[in-house]
Amino acid sequence: MIETHSHGDALVVRIHEKRLDASVSPTLKVKLWELVAQDANQALILDLSEAQFMDSSGLGVMISLLKLLGTEGDLKLVGVHGPVAQTFKLTRMDRVFPMYPDLASALA
Amino acid sequence: MSNKNITLTIDSRLDNSRLVGLAVRGLCQLLPLDTEQAGQTELAVVEAVNQTITRAYASEPGNELSLDFSVAEDHLEIQIYDTGTTLDPGELETPDTAPPRLDDPDSWTGSNSWLAILRQTMDQVDYYSVGGLNTLVLRKYLVST
Amino acid sequence: MSQMITFTIESRLDNVALVGEAVMGLCALTPQLDSNQIRVAVIEGVNNAVLHAYHNEPGHLVQVVWCLKDDGLRIDITDWGEPLAQELSRQWPDDHQEGGRGGPLMWTCVDELHWHRDGEAKTLSLRKRLA
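Model, not experiment: these values are computed from the prediction. (Residues numbered from 1 in each chain as written. Chains lettered and ligands numbered in written order. Predicted model: local features only at pLDDT ≥ 70, side-chain atom pairs only at ≥ 80, totals over all residues.)

1. Some details on the overall build of chain A
Next, step 1: Check the secondary structure of chain A and you find four helices and seven strands.
Next, step 2: For chain A, the α and β elements follow one another from N to C terminus as β-β-β-α-β-β-α-β-α-β-α.
Next, step 3: The C-alpha radius of gyration of chain A comes to 12 Å, within 12% of the 13 Å expected for a compact globule of 108 residues.
Next, step 4: Along the longest, intermediate and shortest principal axes, the C-alpha atoms of chain A span 30 × 30 × 25 Å.
Next, step 5: Within chain A, the fraction of its 108 residues that count as buried is 44%.
Next, step 6: Across chain A, contacts joining residues at least 24 apart in sequence account for 79% of those joining residues at least 6 apart. (Helix = DSSP H or I, 4+ residues; strand = E, 2+ residues; numbered from the N terminus. Rg over C-alpha atoms; globule rule 2.2 N^0.38 Å. Buried ≥ 20, exposed ≤ 12 C-beta atoms within 10 Å, placed from the backbone. Contact = placed C-beta atoms within 7 Å.)

2. Comments concerning the sheet that holds strand 1 (residues 2–7) of chain A
Residue and element names in this part refer to chain A.
Next, step 1: With respect to topology, five strands assemble into an open sheet ordered 1-2-4-6-7, the strand pairing being mixed. One side of each edge strand has no neighbouring strand; the edge strands of this open sheet are strand 1 and strand 7 (99–100).
Next, step 2: As defined by bridge partners, strand 6 (residues 74–78) adjoins strand 7 across two bridges and the pair is classed as parallel. Within strand 7, the residue paired with leucine 77 across the bridge is methionine 99. (Pairing = 2+ DSSP bridges.)

3. Examining the arrangement of the chains
Next, step 1: Here two pairs of chains are in contact, and chains A and B lead that list by number of contacts.
Next, step 2: Kept free of each other, chain A and chain C leave a smallest C-alpha distance of 10 Å between them.

4. Structural notes on the sheet that holds strand 4 (residues 112–118) of chain C
Next, step 1: Overall, antiparallel pairing links the 10 strands, which are arranged 4(B)-5(B)-3(B)-2(B)-1(B)-1(C)-2(C)-3(C)-5(C)-4(C) in an open sheet. Each end of this open sheet is capped by a strand with a single partner; those strands are strand 4 (124–130) of chain B together with strand 4 of chain C. Adjacent strand axes in the sheet meet at a mean angle of 20°, parallel and antiparallel pairs treated alike.
Next, step 2: Pairing of strand 3 (residues 72–79) of chain C with strand 5 (residues 121–129) of chain C involves eight bridges; the strand directions are antiparallel. The residue bridging Asp76(C) from the neighbouring strand is Ser125(C), located in strand 5 of chain C.
Next, step 3: Packing against the sheet, helix 2 (residues 35–53) of chain C makes contact with strand 2 (61–69), strand 3 and strand 5 of chain C, and its axis sits at approximately 15° to strand 3 of chain C. (Axes fitted to C-alpha atoms, helices over the stretch in contact; angles between N-to-C directions.)

5. Observations regarding the interface of chain B and chain A
Next, step 1: If you look at the interface, chain B gives 23 residues, while chain A gives 20 residues.
Next, step 2: Breaking the side of chain B that touches chain A down by element, the ones donating at least two residues are helix 1 (17–27), helix 2 (35–57) and helix 4 (113–121) of chain B.
Next, step 3: A total of seven residues in the side of chain B that touches chain A trace back to one element, the largest contributor, which is helix 2 of chain B.
Next, step 4: Here the side of chain B that touches chain A is built from residues that sort into 11 nonpolar, eight polar and four charged. (Nonpolar A, V, L, I, M, F, W, Y, C, P; charged D, E, K, R; others polar.)

6. Focus: the confidence of the model for chain A
Next, step 1: The share of residues in chain A with pLDDT of 70 or more is 96%, and the mean pLDDT across the chain is 89.
Next, step 2: Within chain A, no element has a lower average pLDDT than helix 2 (residues 56–69) of chain A, which sits at 88, and none a higher one than strand 7 of chain A, at 94. (pLDDT = per-residue confidence, 0-100.)

7. Overview of the interface of chain B and chain C
Next, step 1: Facing 17 residues of chain B, the contacting portion of chain C comprises 19 residues.
Next, step 2: Split into classes, the residues belonging to the side of chain B that touches chain C amount to nine nonpolar, six polar and two charged.
Next, step 3: Across three bridges, strand 1 (residues 4–11) of chain B lies against strand 1 (residues 2–10) of chain C in antiparallel orientation. Residue Thr9(B) lies in a different strand from strand 1 of chain C, and its bridge partner there is Thr6(C).

8. Focus: the environment of Leu105(C)
Residue and element names in this part refer to chain C.
Next, step 1: Within the secondary structure, leucine 105 is located in helix 3 (residues 102–109).
Next, step 2: On the neighbour-count criterion, leucine 105 (16 C-beta atoms within 10 Å) is partly exposed.
Next, step 3: The sequence separation of leucine 105 and valine 42 amounts to 63 residues, and the corresponding C-alpha distance is 11 Å.
Next, step 4: Once you skip the residues sitting within four places of it in the chain, leucine 105 turns out to touch Val40 and Glu44.

Below, the structure is given as C-alpha cells:
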C-alpha cells in the first residue's frame, strides 16, 4: 500500500493505490499514522502520483495526517493530478495543502 | 425517445461504493460528458453512496442499496434508494461553509463535505422520503458535444 | 475476498449497452483480463435474454450479477423468459449464415459457460479465471 524512503530530512511516502476511497482509507490512515508516530517532527512528502480517484474519505485521511503533524511537522503533496486534484479543489482544500508537481520541486 | 435505465444494487458495505463508482464511470462513456465531468459524476455518486451507507445503515452490511441511472435526452438522473435512517431534510438546506483556512484546522473539513461535492458537481440535488423509502436524487444536464 | 454488484435492466435492446459499459468500468479491477472480451460476452448474453427469452418484448427484467473472487470473475445473466431451444453452440456457423455467432463468440471470450435453471429463472453463468 505504501513505500517509504528518506531524502535528507524528508520522508517520502509513495502511495501505491489507484483509488483513495472508503475501501482503503481506514487501513491507509493507520499506516500513515504509524509513520508519524515514529517521528512527529519530520518533513513528510506524500506522493499521490499513482492515485486516479479520491473521495472525501481519502481526503479525510490526508487531513487527519495534517492535523496530527500539527505545527511541528511538515506535510507536502506531490503528483496530485486529474480527479484527485478535482476533489481537493471542490472541497477548497487545495488552499490548505502545499502541493508540488514533482518530488524535485517539493525537496527544493 | 424513452429513457435508458439501469439499476445497480449493492450490499451496504463501504467498500462496495467503489464498484458503483467504477460502473458509473463506465456508464458515463455513453454520455456527452468530457473526462472531467465524468470524473465529477463518479465522485458525486461515490460520495452519495458512502453517505447513504453511513447514514441510513450506520455502515452495517446486510442491507440493500439501489441506484437508478437514467439517461434522458437532455439530462442524467441518478436516484439512490435506501430503507434505513432518514436524512434530516434540513441537512440538505445547510449553507456552504466558509472556505477553509490554513491557520484554522477546525475549518479544514466539516461532516458535510459530501454535500459540498454534490452541489458543485450536480445541477440538482433533492431528497425525499415516502413510506420508509428514502431517495436521494442527483440530476446533471447534458449538452451534446 | 468477494465483491459483488447487480445490474438490472428492462428488456429493451437500447438498455444493453448500459450493462456493457458498466461492466467495462468494473474491468479496472481486473487489469489482467481482456476487458473488451468480457464486455462482448456480457452483451451477447444480455442480447440473448432480450431477443430470445423475451422475443424483444419490453417490460421484462434481465439481471446481471458481477462477482469477483480471488480465483476469478463470474457474471451471471438471468432472465425469466422462455428457455433457449438448445445450449449455446461452440461451433462457428458457415460463412454464409447470418446468425448463430453469438454462442461461439461468447465461448471465445470466456473460460467457462454454464446454464442453470431455478424455477422460472434461467441463468447463464460466464467465468473468467484470474491469471
